[in-house]
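The residues making up each chain are set out below.
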Amino acid sequence: MAADLGELLVPFMPTIRVPRIGDRVFKSECAFSYDSPESEGGLYVCMNTFLGFGREHVERHYRKTGQCVYMHLKRTMKEKATGASGGAVPQRRNGKVFLDLELNCDFNGDDYEYEDEAKLVIFPEHYEIPLPNIEELPALVTIACDAVLNAKSPYRRQESDSWDDDVQVSKHASSLRQLDNGVRIPPSGWKCSKCELRENLWVNLTDGSVLCGKWFFDGKGGNGHAVEHYRETNYPLAVKLGTITPDGADVYSFDEEEAVLDPHLAEHLAHFGIDMLQIQKTENGFTDTDVSPRISEWEVIQESGLKLKPVYGSGYTGIKNLGNSCYLGTTMQVLFSIPEFQRAYVGNLQRIFDYSPLDPTQDFNTQMAKLGHGLLSGQYSKPPIKSELIEQVMKEEHKHQQKGISLKMFKALTSKGHPEFSSSRQQDAQEFFLHLINQVERNSEGSENPSDVFRFLVEERTQCCQSRMVRYTQRADHIMQLPAPMEAAVNKDELIAYEVKRQEAEASRRAPPPAVRARIPFSACLQAYTEPENVDDFWSSALQAKSAGVKTSRFKSFPEYLVIQIKKFTFGLDWVPKKLDVSIDMPDLLDITHLRATGLQPKEEELPDIAPPIVVPEESKDHLMNNFMDSPEIDESAVMQLAEMGFPLEACRKAVYYTGNMGAEVAFNWVIAHMEEPDFAEPLVVSGFSEIDSSSSASVPMADNQPPEESVAILTSMGFPRYQALQGLKATNNNLEHALDWIFTHPDSEDESEAASDIADPEGNANISASADANVNAKANANASVNTNATADNEPNGPRVRDGPGRYELFAFISHMGTSTMCGRYVCHIKKEGRWVIYNDHKVCLSERPPKDLGYIYFYHQILS
């Protein structure tokens, strides 16, 4: 028999591999479905790629790859026979087979046992070889089988290899010197003290300086002022703003050049007025001032105490909580209740699967189609059979609950490379929604983009308060963020009385009184949204100076699906992140037609189309003076370093020149970003640049609308492609800071070839400027000509926006329970077949009292008739 098995496997020996370090073995979940070894057909693991496939999908992998040898894994759960000792440990046959496969927690170990089977299957004849067969199989096959059976879960390995586990305590933490300079960090409104950037900001723990982090090749980050500050002062530790929680924060050591832990972080932050321990948990798990509202909120949102009826079948499949993953589960439940998402992924299921790459676990569209099918097929949401129901009634057991599907593979893919979503911490559902929409858009090129149903245009009207002149601009958005104005609460007297009692109880160390929730009319939230807001650092082109400005926002188009976020989360003056405990009477039917934008009115006068001066720091101005003249000096050593890498010499010279002689590393990023340009290897041609006014330390005047090369160079040195830098500067009249904002808000701008055509003739500045103005005006006109009754897309160069009436009906909402987005849980309610359904992780039931007033994110669909 041994000889027969050996001869049977000989033709396939070259395709059988032993898993190496770094190989991922998927033996618990199918790449195309949620089948597992517990499914009826078991799971097939390819002995070459180590991908897992259910019975319906293994043939597809065999036909596509020609791989013939699979390991079939099957787990059978069964109730213990009569007479088995109660409470005994479940019996396991072939105990070593599934060493790393977890037991199904939905089964009671006292009443059930399981049997595991493994065998090799050879396609296409389906020859089966039971395992283990140590004496009968070739040594290589035996070693490969043993390695697969004992391999760790790919997700468990990913978690154990995460950088969080390797962070060490900084050597500077215990002896950090802090200056008594009176600096106090406010809870909001931060910006870099050197360049005024408002993102990726770090507080130096020695002197309290707020500075921007370093930039990255993908255009994210800052200008590196925090690192420069360290080089000047040797102050070693900094903490990232926006990451501070009661449990810690992101701390970086410039000296040690890595993320570190600071055991004294609370003390170090308190030195600058940041009290991170204010919300330290008490013995019962909640802060004293939070007990009443949190318990009440959890009970109301989850409809606790009500006998909710479970529902099963298509569209009623639950999602297992992987540990703080409910933000993901609730978002996906809502998205796949939308027909456009169903059609894009489930409707094209076979095409997506057939054209999936060799590793479908790393393909976004494949995993979206898999998830959609898992939720909508009903295959993983089957009701108990009648005999089971009768048995449960006889035993007076709890009602049967479906197992739900596990999104480990989906979460690992969609969160890959993201510092927050790849962690096991709780996250903001609104942030994940936008993150997912971004991934959907990136993976929808050449096919239907279902996220178009959320996109709408916002018209922003900015007015100079002194000259009364106005400017109209447009931007695309996916979410309407509504403020929750506490001053508009209809129960102000109750709130004031509660606050007095709470303070008295706190002073006398008594238990706090029952909490009072603010009741805010929805109309007040809508009114607050329409109110003008002050514009920080507004530069008036009419006055040629900074002035007071106000901005209002209106809808230029109405989306098919309107997403409304209630802005419940904020920071207190004491730096304590908190959630506003509010109840808002969200309407089932919503009409926001009166919020449609009207554009420039007859009596309004537009602000002149004049660019503000570019603010250049003194040291940067000197650097530009030295490096951006008509006869530039080029760092030949940096040029040679690039040339030695194999790049064309002229391209290397341009890279060093356009990055301002900032070194080979910065120039290398320029080369990577521009190597596809048609003139990449052409000789460097220096046009006549605008002279830098040596008598002014604050501005660089512009000759015309053509972006100055020094401004382009600054943006490209940050890692942005040249075509994006040109587009951003042209769209903002060569304002460097505004161009940076424009690039971040227009990730889907036109491709490089189109932008390159604008600069084909470097000497024809007037023609180029006119062409650029024409392009910008054409886009503006295209965006402005949205038909209020149309459903077609806009011009291909602009954002694809669908428009319709401003009347909507509520069909879903996501609720949050807890004091902040960094903790707590999410639950969603969706209206299906005329009835509200609550999705609470794997539990799916008919809702008795949907808490519409306590939601966080609301989803409305457009009413067309």
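Everything that follows concerns the structure shown earlier in this document.
Scope of this entry: the structure provided in the associated data block.

Thresholds applied
- Chains are numbered independently. Their residues run from 1 in the order of the written sequence.
- Owing to the predicted nature of the model, reporting of local features is limited to residues with pLDDT of at least 70; listing and counting of side-chain atom pairs is limited to 80 or more, with chain, interface and lining totals taken over all residues.
- To get the side-chain values, all heavy atoms of the structure are used, and hydrogens and water are removed first.
- Note on pairing: DSSP must find at least two bridges between two strands before they are called paired.
- Under the scheme used here, helices are H or I runs from DSSP no shorter than 4 residues and strands are E runs no shorter than 2 residues, and both carry numbers assigned from the N terminus.
- Contacts are residue-level and defined by heavy atoms, with any inter-residue pair within 4.5 Å sufficient.
- Axis lines are fitted through C-alpha atoms, for helices just across the contact stretch, and the angle between N-to-C directions can take any value from 0 to 180 degrees.
- Only protein chains enter the calculation, and the probe is 1.4 Å; a residue is then buried if its accessible area is under 20% of its type maximum, exposed if over 50%, and partly exposed in between.
- Here a pair means two rings of Phe, Tyr or Trp (six-membered ring of Trp) with centres within 6.5 Å. Their orientation is stacked below 30 degrees between planes, edge-to-face above 60, and tilted elsewhere.
- Whether a charge lies above a ring is judged from NZ of Lys or CZ of Arg, which has to be within 6 Å of the ring centre and within 35 degrees of the ring normal.
- Each direction from the helix axis to a C-beta atom contributes to the arc, which is the arc of those directions.
- Salt bridge criterion: a side-chain nitrogen from Lys or Arg within 4 Å of a carboxyl oxygen from Asp or Glu.

Take the sheet that holds strand 7 (residues 168-169) next. As summarised here, the arrangement of the 6 strands in space is 7-12-11-10-8-9, forming an open sheet in which the pairing is mixed. Each edge of the open sheet is held by one strand with a lone partner, namely strand 7 and strand 9 (210-212). Sheet topology note: the strand 7/strand 12 (residues 258-261) ladder contains 2 bridges and is parallel. Residue Val169 lies in a different strand from strand 12, and its bridge partner there is Leu261. Where helix 5 (residues 225-233) meets the sheet, it contacts strand 8 (201-204) and strand 9, and its direction lies at approximately 120° from that of strand 9.

Once that is clear, we can look at the pairing of strand 8. The side-chain alternation of strand 8 yields two buried faces, one formed by Leu201 and Val203 and the other by Trp202 and Asn204. By the bridge criterion, 3 bridges tie strand 8 to strand 9 in an arrangement that is antiparallel. Bridged to Trp202 within strand 9 is Leu211. From the end of strand 8 to the start of strand 9, which pair antiparallel, there are 5 residues, and Gly208 there has a positive phi angle of about 75°. Taken together, the 3 bridges between strand 8 and strand 10 (residues 237-240) define a ladder with antiparallel strand orientation. Within the sheet, the bridge partner assigned to Val203 lies in strand 10 and is Val239.

It is worth spelling out the packing of aromatic side chains at this point. What the rule picks out here adds up to 29 aromatic pairs. With a centroid separation of 5.5 Å and 20° between ring planes, the pair formed by Tyr230 and Phe254 is classed as stacked. Of the two residues, Tyr230 is situated in helix 5 and Phe254 in the loop between strand 11 (251-253) and strand 12; the sequence distance between them amounts to 24 residues. Take Phe254: its relative accessible area is 11%, and that puts it in the buried class. These aromatic residues form a ring-pair network of at least three members: Phe336, Phe341, Tyr345, Phe433, Phe454, Tyr561, Phe811 and Phe859. When the ring centre of Tyr316 is taken as reference, the NZ or CZ atom of Lys832 above it lies at 5.5 Å.

Okay, helix 3 (residues 139-149) next. Those residues of helix 3 that sit buried are Val141, Ala144, Cys145, Val148 and Leu149. Viewed along the axis of helix 3, the buried residues span an arc of 130°, placing them on a single side of the element.

Summed over the entire model, instances satisfying the criterion amount to 31 salt bridges. Among the salt bridges present, the one from Asp359 reaches Arg24, with a minimum N-O distance of 3.1 Å. On the criterion of sequence distance, the pair formed by Asp359 in the loop between helix 10 (349-354) and helix 11 (364-376) and Arg24 in the loop between helix 1 (2-9) and strand 1 (43-46) is long-range, its members being 335 residues apart. Among the residues examined, Arg24 registers a relative accessible area of 31% and is labelled partly exposed. Taking the shortest distance from any N to any O, the salt bridge between Lys556 and Glu459 comes out at 3.8 Å. Taken together, the residues Lys556 in the loop between strand 20 (549-555) and strand 21 (561-567) and Glu459 in strand 13 (residues 456-464) connect sequence positions 97 residues apart. By relative accessible area, which is 14% here, Lys556 ends up buried. Under the relative-accessibility criterion, Glu459 is labelled buried at 6%. Connected through shared salt-bridge partners, Glu460, Arg475, Asp477 and Lys551 make up one network.

Without other data, these values stay purely geometric and don't point to any function.
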